[in-house]
Amino acid sequence: MPRVFNFSPGPAMLPAAVIEKVQAELSDWKKCGMSVMEISHRSPAFLNIVEQSKAMLRKLLNIPDNYCILFLHGGASMQCSAIPLNLSSPKKNADYIITGQWGLKAYNEAKRFSKTRIISNTMEQFSTPNTSELAFNDDAAYLHYTDNETILGVEFSHVPEIDNAPLVVDSSSNILSRPIDVEKYGVIYACCQKNIGIAGLAISIVREDLLGHHQAHTPSLLEWQHLHEKNSLPNTMPTFAWYVLLCCLQWIEQSGGVVQMQKNSIQKAKLLYEYIDNSDFYSNPVAPQYRSKMNVPFTLQKTDLDALFLQQSTQAGLTNLKGHVSVGGMRASIYNSMPEEGVHKLIEFMHTFSRQHK
Ligand SMILES: *Cc1c(COP(=O)(O)O)cnc(C)c1O
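Just so we're clear, the structure is a prediction, and the values are computed from it rather than from any experiment.

Cut-offs used in this document
Position labels on residues start from 1 in each chain and follow its written sequence. Reporting of local features is limited, given that this is a predicted model, to residues whose pLDDT is at least 70; pairs of side-chain atoms are given and counted only at 80 or more, and all residues count toward the totals for whole chains, interfaces and linings. For side-chain calculations, the full set of non-hydrogen atoms in the structure is used, while hydrogens and water are omitted. By convention in these notes, a residue is near a molecule or strand provided one of its non-hydrogen atoms lies within 4 Å of it. For the purposes of these results, a polar contact is taken to be a pair of N or O atoms within 3.5 Å, where, inside protein, one atom must be able to donate a hydrogen and its partner to accept one; residues adjacent in sequence count only when each atom of the pair is a side-chain atom. Here the Shrake-Rupley method, with its probe set to 1.4 Å, supplies the accessible areas, and only the displayed protein chains count as covering residues. Every helix listed is a DSSP run of H or I at least four residues long, and every strand listed is a run of E at least two residues long, numbered separately from the N terminus. Following the grouping adopted for this structure description, the nonpolar residues are Ala, Val, Leu, Ile, Met, Phe, Trp, Tyr, Cys and Pro, the charged ones are Asp, Glu, Lys and Arg, and the polar ones are all others, Gly among them. Lines fitted to C-alpha atoms define the axes, with helix axes restricted to the stretch in contact, and inter-axis angles between N-to-C directions lie between 0 and 180 degrees. Each angle is binned into one of four classes, with values under 35 degrees roughly parallel, values over 145 roughly antiparallel, values of 65 to 115 roughly perpendicular, and all other values oblique. Left-handed describes a crossing whose near helix is turned anticlockwise from the far helix through less than a right angle; right-handed describes the clockwise counterpart. Should any heavy atoms of two residues lie within 4.5 Å, those residues are considered in contact. Here the rule is simple: two strands pair whenever DSSP picks up at least two bridges between them. In plain words, nonpolar cores are sets of buried Ala, Val, Leu, Ile, Met, Phe, Trp, Tyr and Cys residues tied together by side-chain atoms within 4.5 Å. Only protein chains enter the accessibility calculation, which uses a 1.4 Å probe; a residue is then buried when its area is under 20% of its type maximum, exposed when over 50%, and partly exposed in between. A pair of Phe, Tyr and Trp rings is counted when the ring centres sit within 6.5 Å of each other, with Trp represented by its six-membered ring. The angle between the planes then sorts it: under 30 degrees is stacked, over 60 is edge-to-face, the rest tilted.

Draft legend 1. Just the site of the ligand, in detail. Near the ligand lie 13 residues; those nearest to it are Ser77, Thr150, Asp170, Gln193 and Lys194. Here an oxygen atom of the ligand sits 3.1 Å away from a polar atom, N or O, in the main chain of alanine 76. Note that a nitrogen atom of the ligand is positioned 2.6 Å from one of the side-chain N or O atoms of aspartate 170. Contact with the protein chains covers 87% of the free accessible surface of the ligand, which is 390 Å². Here the shell around the ligand takes three residues from helix 3 (residues 75-87), the largest share from any one element. For the shell around the ligand, the per-class residue count stands at three nonpolar, eight polar and two charged.

Structure follows, in structure tokens:
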């Protein structure tokens, strides 16, 4: 079976070069006589992965020295609990900007540990708010938003800048797809299985003055100060996922870094949106200025053809195009690892399919 173009929203496809490297190194990693899955998370060989991945992230995202990089269990979702536990309290208010399902989930989780407020909700409009429209609160413990809403296909094109509270961003589905100005944030967090690896590991980039303010009963594995002191190795960490993260970071670096990732993303998204906009067979519900460069939802005018579209696209080696139930239709996720060739193939398929079913 040849490799397909996997348009899944996550876990997503990996770069072919990374798969090949992992395969080549699998049974005898770095002349250890065993695989990276079998080595100790305390061994010098593994600590080398820890240090290299940290250094590579710092370099790729230009992370200043007063930010620490934490590697974590529990995906992005676990950080939705960790954030209020580390930054707020049952007496303080945490503010949320909602632009889609993930932001809403983060907000609902935060309610368990903090008072919360929604200061903006543009979910129904498939859009992001302008900073000038936002009513910031002076007493907020932090302000949380989701940079790219993976389900709706809505992405911020600007930072909702705020100077009276730390800005916390869920960057799970667009991290390392474009440069970011780290200094505008208190916390940047993401799971790895979309743009930078596989499931099992998440990262948080935390400004150091925000460490150590946790709630009394915060579990130690969710407590950032503790994790920082333990060098993100409080217990047995997912060594294989960490290794794959490093391979992906090295691949990004060798491919030209985040500037090149951004160029690729702009080009891939442009091709796909232009094709959809020029077709009367397919459509996308999001206004151009809010569109995600990572997740492109689209619907067929004739929804009774959805099942056939999915069946035939899969046969053509273009997989996992089914949209989320809340939006319907299709969704093509075109993260860092999706080559432009995959997007050309998809457009070709969409075009042929539309002609056959006019
Ligand atoms: C996928 C995703 C998550 C959830 O990630 P998990 O690792 O499954 O917890 C959270 N936020 C966004 C924006 C996502 O795309």
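That shown, we press on.
Draft legend 2. Local environment of unusual backbone geometry. Cis geometry is adopted by the peptide bond preceding proline 11, which originates at glycine 10 and carries an omega value of -5°. Residue placement: proline 11 occurs in the loop between strand 1 (5-6) and helix 1 (16-25). Even without glycine at this site, phenylalanine 126 takes up a positive phi of about 55°. Within the fold, phenylalanine 126 resides in the loop between strand 4 (115-121) and strand 5 (140-146). Phi is positive for serine 232, which is not a glycine, with a value near 60°. Topologically, serine 232 is positioned in the loop between helix 5 (224-229) and helix 6 (239-254).

Draft legend 3. Just the packing of helix 8 (residues 306-315) against helix 9 (residues 340-356), in detail. In the contact formed by helix 8 and helix 9, the axes pass within 11 Å of each other and the chain directions differ by 135°. If you check the angle between helix 8 and helix 9, you find them oblique. You can see that helix 8 and helix 9 cross each other, and the crossing is right-handed. Of the residues in helix 9, those touching helix 8 at Leu308, Phe309, Gln312 and Ser313 are Phe349, Met350, Phe353 and Gln356. Residue composition of the contact of helix 8 with helix 9, grouped by class: five nonpolar, three polar and no charged.

Draft legend 4. Up close: the packing of helix 6 against helix 7 (residues 257-277). In the contact formed by helix 6 and helix 7, the axes pass within 7 Å of each other and the chain directions differ by 80°. On the basis of the axis angle, helix 6 is roughly perpendicular to helix 7. On helix 7, the residues that touch Trp251, Ile252 and Glu253 of helix 6 are Gly257, Val258 and Met261. Within the contact of helix 6 with helix 7, the residues separate by chemical class into four nonpolar, one polar and one charged.

Draft legend 5. Summary view of the sheet that holds strand 14 (residues 330-333). The three strands are arranged 11-12-14 in an open sheet whose pairing can be described as antiparallel. Sheet topology places strand 11 (282-283) and strand 14 at the edges, where each strand pairs with a single neighbour. Pairing of strand 12 (residues 295-300) with strand 14 involves four bridges; the strand directions are antiparallel. Bridging across to strand 14, valine 296 finds its partner in alanine 332. Sheet contacts for helix 7: strand 11, strand 12 and strand 14; angle to strand 12, the most-contacted strand, approximately 20°.

Draft legend 6. Geometry of the nonpolar core. Core analysis: the largest hydrophobic core is formed by 54 residues, its most contacted members being Leu57, Leu176, Ile196, Ile203, Trp242 and Leu245. For this core, the element with the most residues is helix 6, which contributes 11 residues. Those residues in contact with isoleucine 203 that lie beyond four places of it in its chain are Leu57, Leu70, Phe71, Leu72, Ile175, Ile188, Tyr189, Ala190, Cys192, Ile196 and Leu245. By size, the runner-up hydrophobic cluster in this structure holds 34 residues, among which are Leu70, Ile98, Met123 and Ala141.

Draft legend 7. Molecular detail of the environment of aspartate 139. Inspection of the secondary structure assignment puts aspartate 139 in the loop between strand 4 and strand 5. Sequence separation between aspartate 139 and alanine 165 is 26 residues, and the spatial gap between their C-alpha atoms is 7.9 Å. When sequence neighbours within four positions are dropped, the list of residues in contact with aspartate 139 reads Asn93 and Arg117. Side chain to side chain, aspartate 139 and arginine 117 meet in a polar contact 2.9 Å long.

Draft legend 8. Focus on the packing of aromatic side chains. Within the structure shown, the criterion is met by 17 aromatic pairs. Both rings, one in tryptophan 29 and one in tyrosine 243, keep their centres 6.1 Å apart while their planes meet at 80°; by these two values the pair is edge-to-face. Of this pair, tryptophan 29 sits in the loop between helix 1 and helix 2 (44-61) while tyrosine 243 is found in helix 6, placing the two residues 214 residues apart along the sequence. By the burial criterion, tryptophan 29 is buried, and tyrosine 243 matches it. Both rings, one in tyrosine 275 and one in tyrosine 282, keep their centres 6.1 Å apart while their planes meet at 50°; by these two values the pair is tilted. Overall, tyrosine 275 belongs to the buried group, its relative accessible area being 15%. An aromatic cluster of at least three residues, connected via ring pairs, comprises Tyr275, Phe281, Tyr282, Phe298, Phe309, Phe349 and Phe353.

Interpretation note: all reported values are geometric properties and have no functional meaning in isolation.
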